[in-house]
Amino acid sequence: EEQELGYFMEYDQWIRKLRLKDRISVYDIGCDGYASLFDYLILHGFKHIHYVGVDLIIYLNFIYQMGDVVVLDEKITLKDFLYGNYHNKFIKVDCEGCEYDEYLDMIYNSLSPWISYAIALHDSEKYHNEFQYWYTVLLDNGFKVVYKVGDDDFKEYLLIRRKKL
């Protein structure tokens, strides 16, 4: 629960800036095993959520409506989500470096003004070239830096882009 509280403080720094609607579809890459983003949204009054959470070994797919949770068996890939018919899409990526594997390419190739994004980029010796490239690409495509944390060895930058209203 203490870890979830830390995530909530992090979400407070940027989630309101996205002006997300109550009826929302979330694709959470790096869902932390707790689905803390899902819990945060419920705590902050969201009543209609379709939540898909993926992490290294975790996959979650459920719908929350007015206090009831329905777990879905269907597996939804990022591509399915990007091109599928979901309400008020929101994509969050924070997976400690896995964003460079394939997710950013897929997201960039399908950037939409109708999707809200929150993307954490990680900068370290291992990821520095990828970080430099994607940091510039995202800024050039309307993303804004909300915060930067870390030290000389490992930094995290959180960038958001709000969907058009």
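Our subject is the structure listed above.
For the structure given in this document, a descriptive report is provided here. Remember, predicted model here, so these are calculated numbers, not experimental data.

This part is about the state of the cysteines. If you walk through the whole model with that rule in mind, you get one disulfide. Here Cys-95 engages in a disulfide with Cys-98; their sulfurs sit 2.0 Å apart. Because the torsion about its S-S bond is -105 degrees, the bridge between Cys-95 and Cys-98 counts as left-handed. According to the relative accessible area criterion, Cys-98 is buried, its value standing at 17%. Counting only cysteine sulfurs, Cys-95 is the nearest neighbor of Cys-31, a cysteine outside any disulfide, at a range of 11 Å. Owing to a relative accessible area of 0%, Cys-31 belongs among the buried residues under this scheme.

Here we take up the nonpolar core. Formed by 29 residues in total, the largest nonpolar core has its most connected members in Tyr-27, Ile-29, Leu-78, Ile-91, Ile-119 and Leu-121. Those elements that place two or more of their residues in this core are β1 (23-29), β2 (48-54), α3 (78-83), β5 (89-93), α4 (103-108), β6 (116-124), α5 (128-140) and β8 (154-161). Considering every element that reaches this core, the biggest residue donor is α5, with four residues. In contact with Leu-78, not counting residues within four places along its chain, are Tyr-27, Ile-29, Ile-91, Tyr-103, Met-106 and Ile-107.

The next point concerns a negative patch on the surface. Negative charge collects at one region of the surface, where Glu-125, Asp-151, Asp-152 and Asp-153 lie side by side. Here Glu-125 is to be found in the loop between β6 and α5.

With that settled, consider the pattern of salt bridges. As enumerated under the stated definition, the model contains two salt bridges in all. A salt bridge links Arg-16 to Asp-12; the nearest nitrogen and oxygen atoms lie 3.5 Å apart. Residue Arg-16 is classed as exposed on the basis of its relative accessible area, which comes to 55%. With a closest N to O distance of 2.5 Å, Asp-28 and Lys-92 form a salt bridge.

Before going further, it helps to examine α5. Its 13 residues place the ends of α5 18 Å apart at the C-alpha level, agreeing with the 18 Å of an ideal helix rising 1.5 Å per residue. One or two residues past the end of α5 sits Gly-142, with phi positive at roughly 90 degrees.

With respect to the secondary-structure elements, Asp-28 resides in strand β1. Only 2.5 Å separates the side chain of Asp-28 from the side chain of Lys-92, close enough to count as a polar contact. Sequence-distant contacts of Asp-28, that is, excluding residues within four places in its chain, are made with Leu-37, Tyr-51, Val-52, Gly-53, Val-54 and Lys-92.

Okay, the layout of surface pockets next. A volume near 280 Å³ is recorded for the largest pocket. For the lining of the largest pocket, the element with the most residues is helix α1 (residues 2-12), which contributes three residues. For the lining of the largest pocket, the class distribution of residues is eight nonpolar, one polar and eight charged. Computed from the structure, the second largest pocket encloses a volume of approximately 160 Å³. Counting only elements with at least two residues in the lining of the second largest pocket, the list comes to β1, β2 and β3 (59-65). Counted by class, the lining of the second largest pocket contains five nonpolar, five polar and one charged residues.

Attention now goes to the side chain of Glu-99. By the secondary structure assignment, Glu-99 is in the loop between β5 and α4. One buried charged residue, Glu-99, remains without a salt bridge, the closest side chain of opposite sign being Lys-126 at 10 Å. A distance of 2.8 Å separates a polar side-chain atom of Glu-99 from the backbone nitrogen of Gly-97. In contact with Glu-99, other than residues within four places in its own chain, are Val-93, Leu-104, Ala-120, Leu-121 and His-122.

What counts as what
- Residues numbered from 1 in each chain as written.
- Predicted model: local features only at pLDDT ≥ 70, side-chain atom pairs only at ≥ 80, totals over all residues.
- Heavy atoms only, no water.
- Disulfide = S-S within 2.5 Å.
- Buried < 20%, exposed > 50% of the residue type's maximum accessible area, 1.4 Å probe, protein only.
- Core = buried A, V, L, I, M, F, W, Y, C linked by side-chain atoms within 4.5 Å.
- Helix = DSSP H or I, 4+ residues; strand = E, 2+ residues; numbered from the N terminus.
- Contact = heavy atoms within 4.5 Å.
- Patch = residues over 30% accessible without salt bridge, like charges linked within 9 Å, V, L, I, M, F, W, Y side chains within 5 Å.
- Areas by Shrake-Rupley, 256 points an atom, 1.4 Å probe, with all protein chains shown as cover.
- Salt bridge = Lys/Arg side-chain N within 4 Å of Asp/Glu carboxyl O.
- Lys, Arg positive; Asp, Glu negative; His and termini not counted.
- Charge placed at Lys NZ, Arg CZ, Asp CG, Glu CD.
- Expected span 1.5 Å × (residues − 1).
- Polar contact = N/O pair within 3.5 Å; in protein donor to acceptor, adjacent residues only side chain to side chain.
- 1 Å grid on protein atoms, 1.4 Å probe; cavity = no way out; pocket = protein on both sides within 12 Å on 5 of 7 lines; lining within 4 Å.
- Points joined across faces, edges and corners; volume = space filled by probe spheres on them.
- Nonpolar A, V, L, I, M, F, W, Y, C, P; charged D, E, K, R; others polar.

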